Amino acid sequence: MTYAHVCHVASPLSVFQTLTTSSIRNERLSYPPPMDSFHHTSITMAKRPCPCVSSSTTIATASAQNHMFPNLNPQTDHLLHAFLSLADSPSHSLDFCLDRLLDSATCDANQSVLIDRAHKLSSVLLDAANRAARKRASTHNSLTWPLPPDLTIKVFSMLDTQSLCFAAASCSMFNKCAMDPLCYANIDLTTVVPKVNNAVVSTMIQRAGRVLESLKLGIVPGPTSSPGSCQPLVYTIRNSVEVSKFSWTDKKPRHGKESSILTRSCLNSLSGDNSAAGTLLRRLHLYNIERMDSTSLSGALSACTSLLDLEIVGLHVELRQTLMSVSMFCPLIERLFFESSKTGRDDSLKSPTCVALVNNCPNLTSLALRGFKLHDFKVRILLKGFRKLKYVDFSMSYSISGMFLRNLGSSLGGHLLEVLILRDCMHLREVEVARLLTAILSGDFKFLRHLDISNREGLASEGDWYQRCYNSSLIPVRQVLQERPGMCLLAEFPSEGSFIDLDSDLNSEISLPSQLSSHTSDGSSFTSSSDSSYSSDRSSGNDENRDSGFVILEESSDEVDFLPG
């Protein structure tokens, strides 16, 4: 089998399983697999007849053993051979022999010595037999495995992290290949429930060293959402239906065993050894690590100067401080995905932070800030400043009214947009959405191919956002679909008013259910976190808490540009 067949005929995992099923003998390694946090599944390996070893190899082996153990008596070999032949004897005959030997002992102490020697001899023989079996299996595997070590390492580097750990535990030959740093260039330790601790992460990062390119950690409640979806990825294990078999005692450290939970120090290995591991890291995805804080995340980002893709979901970190760290340490970043752990509560973003991010990270093409309290003028700084921006997602954002969209599609910084997602932005106004679609009909946003303006509570009216619009004639959805047939336009609203007033419940969060769900007319449902504070303010939030020193002209098409020319 050639390398081309390995890479192109089937997936790396299927190739690995096919080759191992036909070639690899199970050595039953005595050591645990590199990542014992995962539950192993038994795999039956087909065994081939062991190839005969040449006489020259046998003589060389015997000579080496005689050199290592010069005091061994050759008669011991004959004695052991005769002793092993007793294995075919009936068990009761060996019992009688041992009993007679014990009866011949002169005292009780001598009998105890004989019994201890019998136990020791049986243990020594068992260990020696296991070592010999593993040695023969290793020889068999090295002779029958069709790939050389370099191609084996290449195949292993294409496996997912869990499959790599299974391979490393199967035989010593695979274990040696699996220790190569290239096998750990892309580490994915995401799980549905907590199974991975800091020690596992540190071990994997140290094995990768300077070749580490991608690192994914944390708890992911389900498959990654599609670009048009707004399903929250924020996850709290106590509210999850996936943890029926998970014991909360596993989160607590026990004697001799670390707890299966990631803490704020789980990324320390990235900045250790002069930041060797984080130097070439290109992708960092962190999901629902409850104990991670802003300081620890900033320290990890300081070591990742080559980062291109950063995804943060459900971490208790501040938006402003995180974006400042990105602008300071990650100038090459191209994709930034950040979903708040508390929808609508983080109002830390300031205009100078937006300006610094734009100036220091000019290569950004994809920006997602989901569930934060964002004001229109700050969002406009970001969209007009990033000249290469193609993907934007402000789903579940609080305070956005849509005024930032005015004249955006015909100017630099917004004309290249291909995907725009504004799903469930509770202050998004009907009139602003109508202006956006009218601009599309007039020829703006020429590259836009996906637009999502859906809202589980309907759009806000012009005067009072409590007045919701569910089926507006102002929004030319049908005309846009006819004019731009290639565009995916999602405008899903409830068939009738279903707005939920949470003002009274916000004062007592413990009375809220873990999730609130409302259904659209077509049966689809959208889910929001119980931490939502959408109804905690009667205004859109754009008329308060503005940064001093910045002139805001909301209604004028010639608004002040906050970015340097």
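For the structure, see preceding data.
Draft legend 1. The arrangement of the packing of aromatic side chains in detail. One pass over the structure, following the stated rule, counts four aromatic pairs. Aromatic pair Trp145 and Phe174: ring centres 4.9 Å apart, planes at 80 degrees, arrangement edge-to-face. Of this pair, Trp145 sits in the loop between α6 (108-144) and α7 (149-157) while Phe174 sits in helix α9 (residues 172-178), and the two are 29 residues apart along the sequence. Centroid distance Phe156 to Phe174: 5.1 Å. Interplanar angle 85 degrees. Geometry classified as edge-to-face. Taken together, the positions of Phe156 in helix α7 and Phe174 in helix α9 put the pair 18 residues apart, joining distant regions of the chain. There is no split in this pair, since Phe156 and Phe174 are both buried.

Draft legend 2. Unusual backbone geometry, seen in detail. Phi at Asn407 takes a positive value of approximately 60 degrees, unusual for a residue other than glycine. With respect to the helices and strands, the residue Asn407 is situated in the loop between β7 (391-393) and β8 (419-421).

Draft legend 3. Local environment of the nonpolar core. Formed by 97 residues in total, the largest nonpolar core has its most connected members in Leu217, Leu270 and Phe394. No other element matches the five residues that helix α10 (residues 198-208) contributes to this core. Dropping the residues within four chain positions of it, Leu217 is found in contact with Leu189, Thr190, Val201, Leu262, Cys266, Leu267, His285, Leu286, Tyr287 and Ile289.

Draft legend 4. Region of the structure containing the packing of helix α13 (residues 319-329) against helix α14 (residues 351-360). Interaxial distance between α13 and α14 falls to 9 Å at its minimum, and their mutual angle equals 25 degrees. The orientation of α13 relative to α14 falls into the category roughly parallel. Considering only the axes of α13 and α14, their crossing is left-handed. Contacts from Arg320, Leu323, Met324, Val326 and Ser327 in α13 reach Thr353, Ala356, Leu357 and Asn360 in α14. Per-class residue counts for the contact of α13 with α14 are five nonpolar, three polar and one charged.

Draft legend 5. Spatial organisation of the state of the cysteines. Scanning the model with the defined rule gives zero disulfides in all. Cys183 carries a free sulfur, and the closest cysteine sulfur to it, the one in Cys177, is 7.5 Å from it. Classification of Cys183 as buried rests on a relative accessible area of 4%.

Draft legend 6. Seen up close, the side chain of Thr322. Tracing the backbone through its elements, the reader meets Thr322 in helix α13. If near-sequence neighbours (up to four positions away) are discounted, Thr322 is found in contact with Leu297, Leu301, Ile312, Val317 and Phe338.

Reading guide: rules and limits
Residues numbered from 1 in each chain as written. Predicted model: local features only at pLDDT ≥ 70, side-chain atom pairs only at ≥ 80, totals over all residues. Heavy atoms only, no water. Phe/Tyr/Trp six-rings, centres within 6.5 Å; stacked < 30°, edge-to-face > 60°. Helix = DSSP H or I, 4+ residues; strand = E, 2+ residues; numbered from the N terminus. Buried < 20%, exposed > 50% of the residue type's maximum accessible area, 1.4 Å probe, protein only. Core = buried A, V, L, I, M, F, W, Y, C linked by side-chain atoms within 4.5 Å. Contact = heavy atoms within 4.5 Å. Axes fitted to C-alpha atoms, helices over the stretch in contact; angles between N-to-C directions. Parallel < 35°, antiparallel > 145°, perpendicular 65-115°, else oblique. Left-handed = near helix turned anticlockwise from the far one by under 90°. Nonpolar A, V, L, I, M, F, W, Y, C, P; charged D, E, K, R; others polar. Disulfide = S-S within 2.5 Å.

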